[in-house]
Amino acid sequence: QVQLVESGGGKVQAGGSLRLSCAGSGLPFSHYYMGWFRQAPGKDREFVAVISWSGDITNYSGSVKGRFTISRDNAKNTVYLQMSSLKPEDTAVYYCAGDSKVKGYYSDSAEYDVWGQGTQVTVSS
């Protein structure tokens, strides 16, 4: 069974940090680009970050660039999102997703074929 499971969410004050993890099972993890998306209440799901198969290529949305870092450990089938200098507007459910097709539309959620269940991140001011 193909599965992605996120963990590490929680409540933090503005300026704080959190590290999200996403563990994959039942899929050739190293063959997937891995992305993070988030969805705030009443808003569309938005792209946060993506990382290539080996981790040598990363891209970020403008709203998190310089504050968030995506990384992966293929030996552990895990992708991470280190979030620093958190702001209240970062409050959302965070999802990891896997892209096996890699057509280049990494910021489009439709590009991804495997999704986790999400983990809540709440940043208080």
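Going by the structure above, here's the rest.
On a predicted model such as this, the values are computed, not experimentally measured, just so you know.

A. Representation of the environment of Tyr95. Tracing the backbone through its elements, the reader meets Tyr95 in strand S9 (residues 92–99). Judged by its relative accessible area of 13%, Tyr95 is buried. Put simply, Tyr95 and Gln39 are 56 residues apart on the chain and 8.2 Å apart in space, counted from C-alpha to C-alpha. When residues no more than four places from it in sequence are discounted, the contact partners of Tyr95 are Glu6, Gly35, Trp36, Phe37, Gln39, Arg45, Trp115, Gly116, Gln117 and Gly118.

B. Molecular detail of the pairing of strand S5 (residues 46–51). Counting buried positions along S5 yields five of six residues, so the element is predominantly enclosed. For strand S4 (residues 33–39) and S5, the ladder comprises five bridges, and the chain directions are antiparallel. Opposite Phe37, over in S5, you have Phe47 as the bridge partner. With antiparallel pairing between neighbouring strands as the criterion, S4 and S5 make up a hairpin whose turn holds six residues, including Gly42 at a positive phi of roughly 75 degrees. Here S5 runs beside strand S6 (residues 58–60); their pairing, made up of three bridges, is antiparallel. In the sheet register, Ile51 faces S6, and the bridge partner there is Thr58.

C. Structural detail: the side chain of Asp90. Within the secondary structure, Asp90 is located in the loop between strand S8 (78–83) and S9. At 2.8 Å, the side chain of Asp90 and the backbone nitrogen of Lys87 are in polar contact. Those residues within four positions of Asp90 in sequence are excluded, and the remaining contacts are Arg38, Arg67, Phe68, Ser85, Val121 and Val123.

What counts, and at which threshold
Residues numbered from 1 in each chain as written. Predicted model: local features only at pLDDT ≥ 70, side-chain atom pairs only at ≥ 80, totals over all residues. Heavy atoms only, no water. Helix = DSSP H or I, 4+ residues; strand = E, 2+ residues; numbered from the N terminus. Buried < 20%, exposed > 50% of the residue type's maximum accessible area, 1.4 Å probe, protein only. Contact = heavy atoms within 4.5 Å. Pairing = 2+ DSSP bridges. Polar contact = N/O pair within 3.5 Å; in protein donor to acceptor, adjacent residues only side chain to side chain.

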